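# Survey of secondary and tertiary structure
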Amino acid sequence: MQTSLETWLRAEAGEPMAWWNPTWDGGVIRIEKPPLLVWLNLLAWSGHTPETVTMEQLAFGSRLVTILVVLIGLASVFWIGVQLRNRNTGLLAALATGSTFLLIKQTHYATYDAQLMGWATLAVALGVRAVYERNPEERAVWSWFFWGLAGIALGATLMTKGPVGAVWVLAPLATAIALLSRRPVRDAAGLCLAVVIGTLILLPWTLHTLDLQSLALSSLADEYKPVDTDQFRPLYYYAGIVAFVFPWTFWWIGSLIHPFRRKEGGRARFFPLIWFLLPFLFVSAWPMRNARYLVPSLPSAGLMCAVYLDQVLHEVSFQKNPARLLRIFWVIAILISFLVSVLILLQPWLMAQGVLDEPYIEGISTLGSLFGLALLLLICSAGIRFSAVPLRPMSFLLVGVWMVTLGTFGYYGYSLAGHQAYPWQAQAEQFAQITGDAPAYFLYEADRENPPKPEMGFAIYSFKIIRPVTTDHLEELRRENPAFFLLVSEDSTRITPQSEGWKWLGPFEDDDFRWNLFTVRAP
């Protein structure tokens, strides 16, 4: 969000080609994150101006764009399911993917990884179409055509997340060639064509940025270097996928062994499993681990569930146990529905007892909570009714409907809760009011360990580009621009409220950190 906002502010200030060089942290070109997400945000924000827009409006535009890209991913996994089996499999794959807990959560946050999921799944769908010819007489030109389109989608993937995004495209496409192709040599050449097209899409911006910023190459290398941060997790951290694919956890676990129990479909039956495993093992072995990195793996997990469920729906003799499992799920769903609704109602009492420091869900009244509970229970009731043998597709459609309904209520209230608000928003707005249109800087003391800089939220809510300036260049800045504002960390000894030539305007808090604000004292 900071990169998009800073780039938008530069563009609105009349800076030519600002969109081509997105920046953050006061003017640093973000080579490690290519600009497609920023460009889509700028498109969503067209028509707004910095003087009249609110952060909520900008956030809504970003989320809307992300949802549209996610829908591309859902349509793509539907298409893959249709190609591999039938339309029912495609619908189940899109349903299972779109109603997973992790995707609902990350779409709410409008992350890079949610958009990566959309573009990468589109590239895989196009590649599968190029490989998996149902008609042996189909002309080769169609295969090359779809490989070319897959290359464009790969380019969008790379322009969203950078080179690492290729993992979620090349691994499944190489698997598709190995398992599905009738002409592996031609399809291997087609994959090479897609890689060339994708690289050519990424290359112009990358080369321009490397030429423009001398430290960009080292910054790109640092992106993939192991670091010790709060995102470092043990390898077993990603075992949480069983929770992230909820409410499809039961059937996803069943789909792990399904290809080994059924022989129908030949080698193609292993494609969803290997598509999931290769990128999953890659991100699990990576030192930097965060739950959102699993979002691009959700379409493969959804397809695994769909293939398994489609088989269940067609095997009458095996439907007794799946029906029992479905009824067990609906019992769990009823308990969760009651738990969420009761917790919303009991939040004031829990806070009074000291159990909660602040409410986790706000903006939902008692009547609204009861209405949500009634709706969830109505869906559960219908689900139990449809869980009788023989099972029908409606049995599993209701699973997705229940999760989307629960997620809608839950994340609506979660987004309104106080812990979602930036605590120092008032400080940032006051800072913007004081500085006005004048340039703002922060003193970057490079000789200090972990030199402080304004937090992302402070820059966002102040609608200001707060550029860094080192001590060595400070005097030069004063000569060139005598009217500017400077943030200096409170524990700095370089400039203090008693320093000559500087007018102290007061302290500002930023994420439990205090800054002193100065302006150049008039002679």
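Residues numbered from 1 in each chain as written. Predicted model: local features only at pLDDT ≥ 70, side-chain atom pairs only at ≥ 80, totals over all residues. Heavy atoms only, no water.

## Details of the overall build of the protein chain
Counting its regular elements, the protein chain contains 20 helices and seven strands. At 26 Å, the protein chain has a C-alpha radius of gyration in line with the 24 Å of a compact globule built from 523 residues. Within the protein chain, the proportion of its 523 residues that are buried is 51%. A separation of at least 24 residues holds for 77% of the contacts in the protein chain among residues at least 6 apart in sequence. (Helix = DSSP H or I, 4+ residues; strand = E, 2+ residues; numbered from the N terminus. Rg over C-alpha atoms; globule rule 2.2 N^0.38 Å. Buried < 20%, exposed > 50% of the residue type's maximum accessible area, 1.4 Å probe, protein only. Contact = heavy atoms within 4.5 Å.)

## What about the nonpolar core?
Trp147, Trp248, Trp251, Phe271, Trp330, Phe396 and Trp402 are the most contacted members of the largest nonpolar core, which has 97 residues in total. Per element, the largest residue contribution to this core is twelve residues, and it comes from helix α6 (residues 112–131). Aside from chain neighbours lying at most four places away, what touches phenylalanine 271 is Ile80, Leu84, Val124, Val128, Pro172, Thr175, Ala176 and Leu179. Membership of the second largest hydrophobic core comes to 25 residues, among which are Phe431, Phe442, Phe458 and Ile465. (Core = buried A, V, L, I, M, F, W, Y, C linked by side-chain atoms within 4.5 Å.)

## Overview of the environment of phenylalanine 508
Tracing the backbone shows phenylalanine 508 in strand β6 (residues 502–510). Note on phenylalanine 508: relative accessible area 2%, which makes it buried. Note: C-alpha distance between phenylalanine 508 and leucine 37 (471 residues apart in sequence) is 31 Å. Phenylalanine 508 has contacts with Gln427, Gln430, Phe431, Ile434, Phe458, Phe513, Arg514, Trp515 and Leu517, leaving out every residue within four places of it along the chain.

## Looking at the packing of helix α15 (residues 320–352) against helix α16 (residues 366–385)
Packed helices, taken two at a time, are described by the angle between their axes plus the distance between the axes. Running from amino to carboxyl end, α15 crosses α16 at an angle of 180°, the nearest separation of the two axes being 10 Å. Accordingly, the angle class assigned to the pair α15 and α16 is roughly antiparallel. Here α15 contributes Trp330, Ala333, Ile334, Ser337, Phe338, Ser341, Ile344 and Leu345 to the contact with α16, which in turn contributes Thr366, Ser369, Leu370, Leu373, Leu376, Leu377, Ile379, Cys380, Gly383 and Ile384. In the contact of α15 with α16, the residues fall into 13 nonpolar, five polar and no charged. (Axes fitted to C-alpha atoms, helices over the stretch in contact; angles between N-to-C directions. Parallel < 35°, antiparallel > 145°, perpendicular 65-115°, else oblique. Nonpolar A, V, L, I, M, F, W, Y, C, P; charged D, E, K, R; others polar.)

## Some details on helix α4 (residues 87–98)
Compared with an ideal rise of 1.5 Å per residue, which puts twelve residues at 16 Å, α4 spans 16 Å between its outermost C-alpha atoms and is within 8% of the ideal. Of all the positions in α4, only Thr89, Gly90, Leu92, Ala93, Ala94, Leu95, Ala96 and Thr97 are classed as buried. Residues of α4 that are buried sit in contact with α3 (55–84), α5 (101–109), α14 (298–314) and α17 (393–416). Between the side-chain oxygen of the N-cap and the backbone nitrogen of asparagine 88 there are 3.1 Å, and the N-cap of α4 in question is asparagine 86. (Expected span 1.5 Å × (residues − 1). Polar contact = N/O pair within 3.5 Å; in protein donor to acceptor, adjacent residues only side chain to side chain.)

## Examining a nonpolar patch on the surface
A surface patch of nonpolar side chains, about 530 Å² in accessible area, is lined by Phe338, Val342, Leu345, Leu346, Trp349 and Leu370. Within the secondary structure, tryptophan 349 sits in helix α15. (Patch = residues over 30% accessible without salt bridge, like charges linked within 9 Å, V, L, I, M, F, W, Y side chains within 5 Å. Areas by Shrake-Rupley, 256 points an atom, 1.4 Å probe, with all protein chains shown as cover. Salt bridge = Lys/Arg side-chain N within 4 Å of Asp/Glu carboxyl O.)

## Observations regarding the state of the cysteines
Disulfide: a covalent bond connecting the sulfur atoms of a pair of cysteines. With the rule as written, the count across this model stands at zero disulfides. For the unlinked cysteine cysteine 305, the closest cysteine sulfur is that of cysteine 380, found at 19 Å. On the accessibility criterion, cysteine 380 (1% relative accessible area) is buried. (Disulfide = S-S within 2.5 Å.)

## Side note on the sheet that holds β6
Taken together, the five strands give an open sheet; going across it, the order is β4-β3-β5-β7-β6, and neighbouring strands pair in mixed fashion. Where the open sheet ends on each side, the last strands, each with one partner, are β4 (466–469) and β6. Recorded for the sheet is a direction-independent mean angle of 30° between the axes of neighbouring strands. In the sheet, β6 pairs with strand β7 (residues 513–520) via eight bridges, with the strands oriented antiparallel. Across the sheet, the residue bridging to tryptophan 502 is valine 520, located in β7. (Pairing = 2+ DSSP bridges.)

## What about the pattern of salt bridges?
Applying the stated criterion across every chain, the model contains eleven salt bridges. The salt bridge involving arginine 494 is made with glutamate 445; its shortest N-O contact spans 3.8 Å. Pair noted here: arginine 494 is in the loop between β5 (485–489) and β6 and glutamate 445 is in the loop between β3 (440–443) and α19 (456–462), with a separation of 49 residues, a long-range link. One salt bridge in this structure joins arginine 448 and aspartate 491, with 3.0 Å as the shortest N-O distance. One end of the pair, arginine 448, is in the loop between β3 and α19; the other, aspartate 491, is in the loop between β5 and β6, and 43 residues separate them in sequence. Exposure remark for arginine 448: the relative accessible area of 25% places this residue in the partly exposed category.

## Notes on the packing of aromatic side chains
Taken as a whole and judged by the stated rule, the model has 28 aromatic pairs. The interplanar angle of 70° and the centroid separation of 6.1 Å between the aromatic rings of phenylalanine 250 and tryptophan 251 together place this pair among those described as edge-to-face. With a centroid separation of 6.4 Å and 80° between ring planes, the pair formed by phenylalanine 442 and tyrosine 444 is classed as edge-to-face. Here a set of aromatic residues connected by ring pairs shows up, and it is made of Phe246, Trp248, Phe250, Trp251, Phe329, Trp330, Phe396 and Trp402. (Phe/Tyr/Trp six-rings, centres within 6.5 Å; stacked < 30°, edge-to-face > 60°.)

## What to know about empty space enclosed by the protein
The method is simple in principle: a probe with the dimensions of a water molecule rolls over the atoms, and the space it marks as empty is what remains. The final tally for this structure, using the stated rule, is four cavities of 30 Å³ or more. Here the largest cavity defines a volume of roughly 130 Å³. In terms of lining, the largest cavity is formed by 15 residues, of which the most central are Gln2, Glu6, Gly26, Ala459 and Ile466. Within the residue set of the lining of the largest cavity, elements represented by two or more residues are α1 (2–12) and α19. When its residues are assigned to classes, the lining of the largest cavity shows eight nonpolar, two polar and five charged. For the second largest cavity, the calculated volume is near 80 Å³. Around the second largest cavity, the lining residues are Val340, Ser341, Ile344, Ile364, Ser369, Gly372, Leu373, Leu376, Leu406, Phe409 and Gly410. (1 Å grid on protein atoms, 1.4 Å probe; cavity = no way out; pocket = protein on both sides within 12 Å on 5 of 7 lines; lining within 4 Å. Points joined across faces, edges and corners; volume = space filled by probe spheres on them.)

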